[in-house]
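# Observations on the model geometry
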Amino acid sequence: MESLWHTIEELVDAQRRVITAFGLLLFPRGCAGCGKPDEIVCPQCYRQLTHVQRQSIDTRICSSGVVCSCARYQGVVRHMILSWKDKGDWQCDQVFAQSMRSLITHADITTVFNQLPKSTTILVVPVPSSHASRRKRGRWHTVVLARAVAQQCRTQGWNAQSVALLSMRLTAAKSLTLSRGTSRSTRLAGRLKLTRKAVRYRNTHGNTPLCVILVDDIITTGATIRACSTQLQEAGFPVFTALSIAMV
């Protein structure tokens with residue numbers, strides 16, 4: 001069922017890209033950050049995605065002890081993400097994918113990744129969205145980011161692949177928006193589950209040295225990263241770090 005849903009999302013993604021391309025011929029667009037005409041993201045706004053952020057995190061959550069983002073979640077960065085994530089601006093895929101690839105090559109981030117032996121298999125795991133969010137957006141948006149990170153890791157010599165190890169359980173529960181990160185983490189933990197792909201991977205690669213890089217759009221309290229890490233580590237998938245477009 002999960003693989004079928006993923007296939008449907010990819011078909012819808014391709015269809016929307018074609019529709020968007022034709023639409024741009026009739027209705028020119030503006031920069032997702034500032035509105036400058038005929039730009040997906042103008043150079044000035046893109047530069048805001050190069051202010052790399054690092055934040056310490058408990059090594060029990062991420063063994064590297066740090067999580068990293070391309071920028072702070074504020075100003076034009078916030079506008080760009082909201083346009084992409086909630087307003088269907090799929091053309092920003094290429095912009096955010098490039099920013100995530102650049103994040104991997106940033107000097108501060110390279111020192112983090114150099115802790116890993118080249119023999120390590122890196123599993124780049126997109127943080128899951130709820131089924132309601134995926135239906136609303138028509139896709140699992142963090143997959144785009146995870147694929148970009150995996151591609152750049154391979155370019156730099158690591159054996160890396162993007163793989164959806166986690167998904168959300170179907171539930172009728174109320175919104176997870178809570179004021180305290182610890183409460184949110186607890187609620188999320190009850191909704192996360194391993195995908196069938198994760199179970200198969202664990203059964204067939206049990207002796208392979210590996211680590212997980214979690215990829216999300218925004219890191220706020222760290223509750224989502226904490227919940228995902230707990231679920232993965234309990235299943236035998238060690239989490240090395242987490243990356244995102246922006247950090248609050």
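Look up: the structure comes first, before these words.
Now for a description of the structure that goes with this document. (Residues numbered from 1 in each chain as written. Predicted model: local features only at pLDDT ≥ 70, side-chain atom pairs only at ≥ 80, totals over all residues. Heavy atoms only, no water.)

Quick look at the side chain of Ser 64 now. Looking at where Ser 64 falls in the secondary structure, it is placed in the loop between strand 1 (53-56) and strand 2 (66-72). By relative accessible area, Ser 64 is classed as buried at 14%. A distance of 3.2 Å separates a polar side-chain atom of Ser 64 from the backbone oxygen of Val 66. With near-sequence residues (within four places) excluded, Ser 64 lies in contact with Val 112, Gln 115, Phe 240 and Thr 241. (Helix = DSSP H or I, 4+ residues; strand = E, 2+ residues; numbered from the N terminus. Buried < 20%, exposed > 50% of the residue type's maximum accessible area, 1.4 Å probe, protein only. Polar contact = N/O pair within 3.5 Å; in protein donor to acceptor, adjacent residues only side chain to side chain. Contact = heavy atoms within 4.5 Å.)

Between its first and last C-alpha atoms helix 3 (residues 75-86) spans 16 Å; for 12 residues at 1.5 Å apiece the expected length is 16 Å, and the two agree. Immediately downstream of helix 3, the backbone of Gly 88 shows phi near 70 degrees, a positive value. (Expected span 1.5 Å × (residues − 1).)

What follows covers the sheet that holds strand 3 (residues 121-126). Read from one edge to the other, the open sheet built from six strands follows the order 1-2-8-7-3-4, with strand pairing classed as mixed. Looking at the sheet topology across the chains shown, the edges are occupied by strand 1 and strand 4 (159-162). Between one strand and the next, the sheet's axes are offset by a mean angle of 20 degrees, whatever the strand orientation. In terms of strand pairing, strand 1 meets strand 2 through four bridges, oriented antiparallel. Across the sheet, residue Arg 54 finds its bridge partner in strand 2, namely Cys 68. Most of the contacts of helix 3 go to strand 7 (residues 210-219), to which it runs at about 100 degrees, and overall it touches strand 2, strand 7 and strand 8 (239-247). (Pairing = 2+ DSSP bridges. Axes fitted to C-alpha atoms, helices over the stretch in contact; angles between N-to-C directions.)

Scanning all chains against the criterion turns up five salt bridges. Between Asp 89 and Arg 29 there is a salt bridge; the shortest N-O distance is 2.6 Å. Here Asp 89, found in the loop between helix 3 and helix 4 (92-105), pairs with Arg 29, found in the loop between helix 1 (2-26) and helix 2 (43-47); they are 60 residues apart in sequence, far enough to count as distant. The exposure class of Asp 89 is buried, given its relative accessible area of 11%. Residue Arg 29 is classed as buried on the basis of its relative accessible area of 16%. Between Arg 60 and Asp 58 there is a salt bridge, and its shortest N-O distance comes to 2.6 Å. (Salt bridge = Lys/Arg side-chain N within 4 Å of Asp/Glu carboxyl O.)

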